[in-house]
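Survey of secondary and tertiary structure
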Amino acid sequence: MKTSHVPLTYHPEKLKRELKPFYIGADDKDVREMLAAIGLKSLEDLYGHIDDSVKMARVPMPKHLSYEELIALVNDVAQKNKRKISFLGDGLPQYKVTDVVGPVCSIRGLTTAYTPYQPERSQGTLQTLWIYQSLVSQLTGFEAINASLYDRSTCLFEAMNCALRLVKDSTTVIVANTLYPGDIEVIETHARETGMKIARAPVNPQNGKLDVEALKKLLNTTPLVAAVAFPQVNNLGNLEAVDEIVDLCSQNNVKSIAVVDPMLLGKGGLKAPVKFGMRMQGSDMVVAEGQHLAIGPNFGGPGLGIFGIRYHENDKLSIRSTAGRYIGKTTDLKGRECKALILSTREQHIRREKATSNICSNQSFVATAAGASMLARGDEGFEASLRTARTLAEKAAEGLSQFEGIELKFKGSPFFNEFTLKLPVGATEFIHTASAAGFQVGVDVSNRHPELKGENLLLMSFTDIHSEKDVDQLLAFFATQFERTKSATPAQKIPSVMLRTDAPEIPKLSSSDILSYYERLGKQNLSPDDGIYPLGSCTMKYNPYINDYAASLPGFTNMHPEAPLEDVQGCLEVLFEIQEAFKAITGLPGVVTQSVAGAQGELVGIKMFQAYHRDRGEADQRNVIIIPRSAHGTNPATATMAGYESKVVDGKIYGIYTVEALPNGEMNLGQIKEFLKTDGHRVAGVMVTNPNTAGIFETQFKEMSALIHAAGGLVYMDGANMNAVAGIVDLNKLGVDAVHNNLHKTWTIPHGGGGPGDAIVGVSHRLLDFMPGVQVVKKDGRYDLTRAPKSCGSFHRHFGNFAHKIRAYTYIKALGADGVQRMSQVAVLSARYLFHKLAKSFPTLPAEAQSSPRMHEFILTLSPEIFKKIEAAGTPKANTIARIGKLFLDFGFHAPTVAFPEQYGLMFEPTETYSKSELDEFAEVVEAILKLVSEHPEVLKTVPHFTPIDRVDEVQANKNPVLTEKITAHLPEIIPDRVDAARLRNSTPGDLCAHILKAHQNSI
Ligand SMILES: Cc1ncc(COP(=O)(O)O)c(C=O)c1O
């Protein structure tokens, strides 16, 4: 290891899975034995039923790298970035990252766990999110804080959609032009082709604030307004007249959506949005970016969308129109206090096209880290950081105003810690000069508002990462460029009405106390490190430590996405390499790296479809998206969110047209053909998961694509299941126009207890011109950015969840062309082997698809006799599958996916991570569960028995949601495990069955 390389913080040789070739559990002997067991000769035979015409001969990528080569590579790339004294903020301010964040981000029980759908085995994640919700509630004053959406911009769109639902017959949201332009671009991209109209309220060029008179006029003249969205700190650094704006909203009966910076709401900062308005009535919703509460800029992501809505005696219903996940306080069957996900009947997995949003994976772990970090700061820490930020901003503003030709642009407008400077030279040119002198000096905002055009404007940000010395150096640099001839202009005093007078009362805890608390929480979850995590469709595979190591290199974490391109060549190299890798993996010519989750990847795809049809003058005509019934809920929810409203008019179906499955488990192509005959001209596209959610490859996909294309439509492949076919199937040959690859599934980034995920979207030649965001190109050995000529817009304020791109980049470099294929093959082999073993005892679903070869996952069910026995013993059939899922928790495993896509199915996905002996042991557990419920069906009434809590009373939790508690230095109690999950996994299934019976007896 070179001395310039950052040392590893772990010992790979001591980790069970870290140094296995391609992180695959099965060795050659295992592979031979598993193949023999299922009657195949080679790994290639696993794909014998797939036509050769859609296969890839080899993945056009280099060979894999060794562990040492990987370490060297990621360090070398990180070192290509240039860290300088940075005054970049612009909606992503840079604060000190507290000491607890690194260690909390290393708690594998928290980082690698799945979304807490099984509350009895997920109190760890639920509790961290509860702390986050409660602390953000203390900061903002809002009673309901969601945990959590993607980032500020998409969160704002969700808030705007929510306002449309809340204000009857409304169509329009007025959006302040003083919001960050990246956010405005994202909401406009989302709103296009939907029923939402956006009216833009201009800046007042004199004071650099929202033009309140113009807003009044807009409110008077715009029909059907739902809401006004406005910032507290605007895109020129100025503090808006939030009281006046909220009052205007109240007077006009429209919702107010305040966009704030949560950091600035700490003690000693700005007034909380719950108090905006002359009557302190508060804004109706709050939206914020929370990334910097937890982590550094990370070249723009992962972000953290903070959303809050009022929830009190007079308004208990608005929350039901919101998007995203909430954690609620509830009790288990024995009355123990615990937490659970609540209000999920709004979400896509239940409501599908009627859901409030398509969001599924979100930015959960950033919320967890933000919660820990807020505890590390406490009121005192916030106050100290804000004092530094304010003091240094004042000092800089005064100092800089002494130079000839330089002025504080909006002298009369108060700012907190960001301000706009007027320069006597071009701002972009000056930024490059400053970069050469060691400063990332600010953001060029000269073109931000047409009303201010023609002026050279620079936006600068000051926070606790700066010292007096940094500001002195900045002033010294300015002195090399300009004459110091004037007396200083003092910064405008902030009126007391804009400031926070109370304290949020966030307790300050020591790093060691926080860490030991979060470590204990981590133990309440399960991790794929420990053993099979059989959640079908979720691909819970091993998350290599080296990926996290690479992503945490300071050369990456400290880079701001608005730094000059010459300073971020390392970050751009990662993005470029990711683009190239996914072109090779998918066979498609274009790649979008902006989307932060699978569902957002779907939206990227469908929005590109719309742009394509719009370009051909067919946008209105193409009003149907074809989706199989077995699709994940995000698919119909995405189509709706994109603007395909489902309805039947004069017998014609609009919006989503649902396709049924054939008895062999594949989609009914005949049904699609029939629909195309009459309605082909109306079809915008299809969304098909392949392999599908029953784990079966759609062998007629290519034929379907040709038919859709012939009708003028486009083909979206949901690539959540790429783990089965990456490096084997060429999506270009399949006829795919857009596909998302969930990085948090196939490409090993951790699930984070629900996110952040990430999704890379592959794009066909048909859609290249419509790709959103920017593409990285390489010219003369230097990386640069371009935009597609007819871009459909933007889905992220910057480059998506950049830190996750580094993880996927590191993984893909570790696999190389050879490893990518091997990964898919062994994933399929493991699933088929397990299926082969278990199908001897369990009926499988789809019922008539026994002979359809399974790919990476499969579905089991119970015989009618066993269902009857269980029902006779007191568990209704409707609850049986969910209860069997809970029985897995008693064996120390996570439940398989229950009741999706088949109501009475248990879906298993073992992945390639585990060895044959681990698969065999797991099969024994599944068999033991079957035996137990056949012989003692009554145990299902009391499952689970060994988790910290008994079964959770979710009905109660939803009836009367309790969403926060006042967090004090005495953190919420952690109920210990009754039996440690590792001990459960290490017991024999026979012993465990005996214990379960005993525990059952004791609990009745
Ligand atoms: C088949 C399928 N499609 C789409 C998604 C949505 O992906 P994300 O959760 O990343 O938004 C999932 C997530 O589980 C999935 O399994």
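Summary of the structure given here.

Calculation criteria
- Residues numbered from 1 in each chain as written.
- Predicted model: local features only at pLDDT ≥ 70, side-chain atom pairs only at ≥ 80, totals over all residues.
- Heavy atoms only, no water.
- 1 Å grid on protein atoms, 1.4 Å probe; cavity = no way out; pocket = protein on both sides within 12 Å on 5 of 7 lines; lining within 4 Å.
- Points joined across faces, edges and corners; volume = space filled by probe spheres on them.
- Nonpolar A, V, L, I, M, F, W, Y, C, P; charged D, E, K, R; others polar.
- Buried < 20%, exposed > 50% of the residue type's maximum accessible area, 1.4 Å probe, protein only.
- Helix = DSSP H or I, 4+ residues; strand = E, 2+ residues; numbered from the N terminus.
- Contact = heavy atoms within 4.5 Å.
- Pairing = 2+ DSSP bridges.
- Axes fitted to C-alpha atoms, helices over the stretch in contact; angles between N-to-C directions.
- Salt bridge = Lys/Arg side-chain N within 4 Å of Asp/Glu carboxyl O.
- Near = heavy atom within 4 Å.
- Polar contact = N/O pair within 3.5 Å; in protein donor to acceptor, adjacent residues only side chain to side chain.
- Areas by Shrake-Rupley, 256 points an atom, 1.4 Å probe, with all protein chains shown as cover.
- Arc of directions from axis to C-beta.
- Disulfide = S-S within 2.5 Å.
- Phe/Tyr/Trp six-rings, centres within 6.5 Å; stacked < 30°, edge-to-face > 60°.
- Lys NZ or Arg CZ within 6 Å of the ring centre and 35° of its normal.

1. Re empty space enclosed by the protein
Scanning all chains against the criterion turns up 11 cavities of 30 Å³ or more. Reported here for the largest cavity is a volume of approximately 160 Å³. For the largest cavity, the lining is made up of 17 residues, of which Gly 91, Arg 152, Tyr 180, Val 233 and Asp 261 are closest to its centre. Residue composition of the lining of the largest cavity, grouped by class: eight nonpolar, five polar and four charged.

2. Digging into helix H20 (residues 634–642)
Burial analysis of H20 places eight of its nine residues in the buried class, which makes it a mostly covered element. Restricting attention to buried positions, one finds in H20 the residues Thr 634, Asn 635, Pro 636, Ala 637, Thr 638, Ala 639, Met 641 and Ala 642. In the stretch just after H20, Gly 643 is the one whose phi turns positive, near 120°.

3. Digging into the environment of Phe 835
Positionally, Phe 835 belongs in helix H24 (residues 802–838). With relative accessibility at 9%, the residue Phe 835 sits in the buried group. Separated by 45 residues in the primary sequence, Phe 835 and Thr 880 have C-alpha atoms spaced 21 Å apart. If we ignore the near neighbours within four places in the chain, the residues touching Phe 835 are Thr 844, Gln 850, Arg 854 and Phe 858.

4. A look at the sheet that holds strand S25 (residues 759–763)
Here eight strands make up an open sheet; going across it, the order is S18-S25-S24-S23-S22-S19-S21-S20 and the pairing mixed. Since the sheet does not close on itself, it has two edges, and those belong to strand S18 (590–592) and strand S20 (647–649), each with one partner. In this sheet, neighbouring strand axes are inclined to one another by 25° on average, regardless of whether the strands run parallel or antiparallel. The sheet contact formed by strand S22 (residues 683–689) and strand S23 (residues 714–718) spans five bridges and is parallel.

5. With respect to the pattern of salt bridges
Pairing between side chains of opposite charge can happen when the charged atoms of each approach one another. Going through the model one piece at a time under the given rule, you end up with 56 salt bridges. Between Glu 289 and Arg 797 there is a salt bridge whose closest N-O contact spans 3.0 Å. One end of the pair, Glu 289, is in strand S9 (residues 285–289); the other, Arg 797, is in the loop between strand S27 (782–787) and H24, and 508 residues separate them in sequence. Glu 289 gets classed as buried once you look at its relative accessible area, which sits at 0%. Assessed through its relative accessible area of 9%, Arg 797 is described here as buried.

6. Overview of the site of the ligand
Near the ligand you find 14 residues, and of these Ser 361, Gly 598, Asp 718, His 744 and Lys 745 are the closest. Within the side chain of Asp 718, a nitrogen or oxygen atom sits 2.5 Å from a nitrogen atom of the ligand. At 3.2 Å, a side-chain N or O of Asn 742 approaches an oxygen atom of the ligand. Surface burial for the ligand is 99%, taken as the share of its 390 Å² of free accessible area covered by protein chains. Its residues placed into classes, the shell around the ligand shows four nonpolar, seven polar and three charged.

7. Digging into helix H1 (residues 28–37)
Along an α-helix, residues three or four apart share an orientation, since each turn contains 3.6 residues. Turning to H1, its buried residues number three or more, namely Asp 30, Val 31, Met 34 and Leu 35. Taken end-on, H1 shows its buried residues confined to a sector of 130°, consistent with a single buried face. Of the residues in H1, the exposed ones pointing more than 90 degrees away from the buried face are Asp 28, Arg 32 and Ala 36. Positive phi appears at Gly 39, one or two residues downstream of H1, with a value of about 80°.

8. What to know about the state of the cysteines
Overall, the coordinates contain zero disulfides when judged by the stated rule. There is no disulfide at Cys 155, and the cysteine sulfur nearest it, in Cys 162, is 11 Å away.

9. Digging into the side chain of Thr 942
Of note, Thr 942 is situated in the loop between helix H27 (916–935) and helix H28 (954–959). Since its relative accessible area comes to 10%, Thr 942 is described here as buried. In terms of polar contacts, Thr 942 uses its side chain to reach the side chain of His 1000, at 2.6 Å. When sequence neighbours within four positions are dropped, the list of residues in contact with Thr 942 reads Asp 950, Arg 951, His 1000, Ser 1003 and Ile 1004.

10. Here we look at the packing of aromatic side chains
In this structure the tally under the stated criterion is 31 aromatic pairs. Judged by centre distance (5.3 Å) and plane angle (45°), the ring pair of Tyr 10 and Tyr 545 falls under tilted. Placement of the pair is Tyr 10 in the segment before H1 and Tyr 545 in helix H16 (residues 545–551), with a sequence separation of 535 residues. Residue class for Tyr 10 comes out buried when judged on its relative accessible area of 10%. Aromatic pair Phe 299 and Phe 799: ring centres 4.4 Å apart, planes at 5°, arrangement stacked. You can see Phe 299 sitting in the loop between helix H10 (291–294) and strand S10 (305–309) and its partner Phe 799 sitting in the loop between S27 and H24, a full 500 residues away along the chain. Residue Phe 299 shares its accessibility class with Phe 799, and that shared class is buried. Three or more aromatic residues joined by ring pairs form one cluster here, namely Phe 403, Phe 430, Phe 439, Phe 477, Phe 478 and Phe 482. The cationic tip of Lys 877 hangs over the ring face of Phe 867; the distance from NZ or CZ to the ring centre is 4.7 Å. Over the ring of Tyr 904 we find Lys 877, and its NZ or CZ is 4.3 Å from the ring centre.

Worth remembering: the numbers are spatial, not functional.
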